[in-house]
Amino acid sequence: MRGIFAKLDVMHVAGPTFEEVSRRYPGVDFVGARANFSPEEFARTLAKIAFCAAVYALGVAPFGQTPIRRVILGKDPNVGDWVGSWEGEPVNEAKGLHAMQIRASGSAIHVILRLFAQFNAPEYHVALGPADPSFVASNEWPWK
């Protein structure tokens, strides 16, 4: 089955609740929030954040031929093959604004990220693809 499926949870963080606003302004037609959400665009955003974090940590050398670029640019429609929910034990603590870890499995680089960690948001797994073989063979490869 093609596509990405999402479950959205809304969390009240600050300001008056919708119930308080509706009591304060009786007779209004609508009190609430409208959301326009694209799971595919959100997944590409996660891929971009993960890719940027990995480039910051490792430099650009491992990513000369990474397939994640096509995902980020929307040229690979199979974003769900590269980005998804993290199903393992939590990796990043639920504190601070955002948290992420960069890991390797063989020569493949993965990022587990948690945006808005302080609100106990879910973790996501982004597979960045295999690192450049010459980088893996170099002294720069951190997972030897």
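Heads up: these notes are all about the structure in this document. (Residues numbered from 1 in each chain as written. Predicted model: local features only at pLDDT ≥ 70, side-chain atom pairs only at ≥ 80, totals over all residues. Heavy atoms only, no water.)

**Describing the side chain of N92**
Operational definition: Where helices and strands are cited, they refer to DSSP runs of H or I of at least four residues and of E of at least two residues respectively, numbered from the N terminus. Note on classification: 1.4 Å probe, protein chains only; a residue is buried when its accessible area is under 20% of the maximum for its type, exposed when over 50%, partly exposed between these limits. We call two N or O atoms a polar contact when they sit within 3.5 Å, provided that within protein one can donate a hydrogen and the other can accept it, with sequence-adjacent residues counted only if both atoms are side-chain atoms. Note on contacts: a residue pair qualifies if any of its non-hydrogen atoms lie within 4.5 Å across the two residues.
Within the secondary structure, N92 sits in the loop between strand 1 (83-85) and strand 2 (99-105). For N92, a relative accessible area of 5% puts it in the buried group. A polar contact of 3.4 Å, which involves the side chain of N92, links it to the backbone nitrogen of M100. Once you skip the residues sitting within four places of it in the chain, N92 turns out to touch A99, M100, Q101, I112, L113, R114 and E123.

**Observations concerning the packing of aromatic side chains**
The cut-off we apply is this: Between the rings of Phe, Tyr and Trp (Trp by its six-membered ring), a pair exists once the centres lie within 6.5 Å; its type follows the angle of the planes, with under 30 degrees stacked, over 60 edge-to-face, and the other angles tilted.
All told, the structure shown has five aromatic pairs when counted by the stated rule. Taken together, a centroid distance of 5.4 Å and an interplanar angle of 75° make the contact between F51 and F63 edge-to-face. Of this pair, F51 sits in helix 2 (residues 39-58) while F63 sits in the loop between helix 2 and helix 3 (68-72), and the two are twelve residues apart along the sequence. On the accessibility criterion, F51 (14% relative accessible area) is buried. Aromatic rings pair up to connect F37, F42 and Y124 into one cluster.

**Section: the environment of W86**
Among the secondary structure elements, W86 is positioned in the loop between strand 1 and strand 2. Classification of W86 by relative accessible area gives partly exposed; the value is 25%. Distance in space between the C-alpha atoms of W86 and Y124 is 4.7 Å, their sequence separation being 38 residues. Discounting chain neighbours no more than four positions away, the residues touching W86 are V91, R103, I112, E123, Y124 and H125. Of note is the side chain of W86, whose polar atom sits 2.8 Å from the backbone oxygen of E89.

**A word on the pattern of salt bridges**
To keep it simple, the criterion reads: Definition used for salt bridges: Asp or Glu carboxyl oxygen within 4 Å of a side-chain nitrogen of Lys or Arg.
Evaluation of the coordinates by the stated rule reveals two salt bridges. When the shortest N-O distance is used, the salt bridge between E93 and K95 registers 3.6 Å. The salt bridge involving R114 is made with E123; its shortest N-O contact spans 3.9 Å.

**Notes on the sheet that holds strand 3 (residues 108-114)**
Using the following cut-off: Each pair of strands is called paired provided DSSP finds at least two bridges between the two strands. Only the stretch in contact is used when fitting a helix axis, every axis being a line fitted to C-alpha atoms; angles between N-to-C directions are given from 0 to 180 degrees.
Spatial ordering of the open sheet is given by 1-4-3-2, a layout of four strands whose pairing is antiparallel. Looking at strand neighbours, the two that pair on one side only are strand 1 and strand 2, the edges of this open sheet. Going across the sheet, the axis of each strand differs from the next one's by a mean of 25°, ignoring polarity. Relative to strand 4 (residues 124-130), strand 1 runs antiparallel, the two being bridged by three bridges. What sits directly across from V83, in strand 4, is V126. Packed on one face of the sheet, helix 2 meets strand 1, strand 2, strand 3 and strand 4 and runs near 60° to strand 4.

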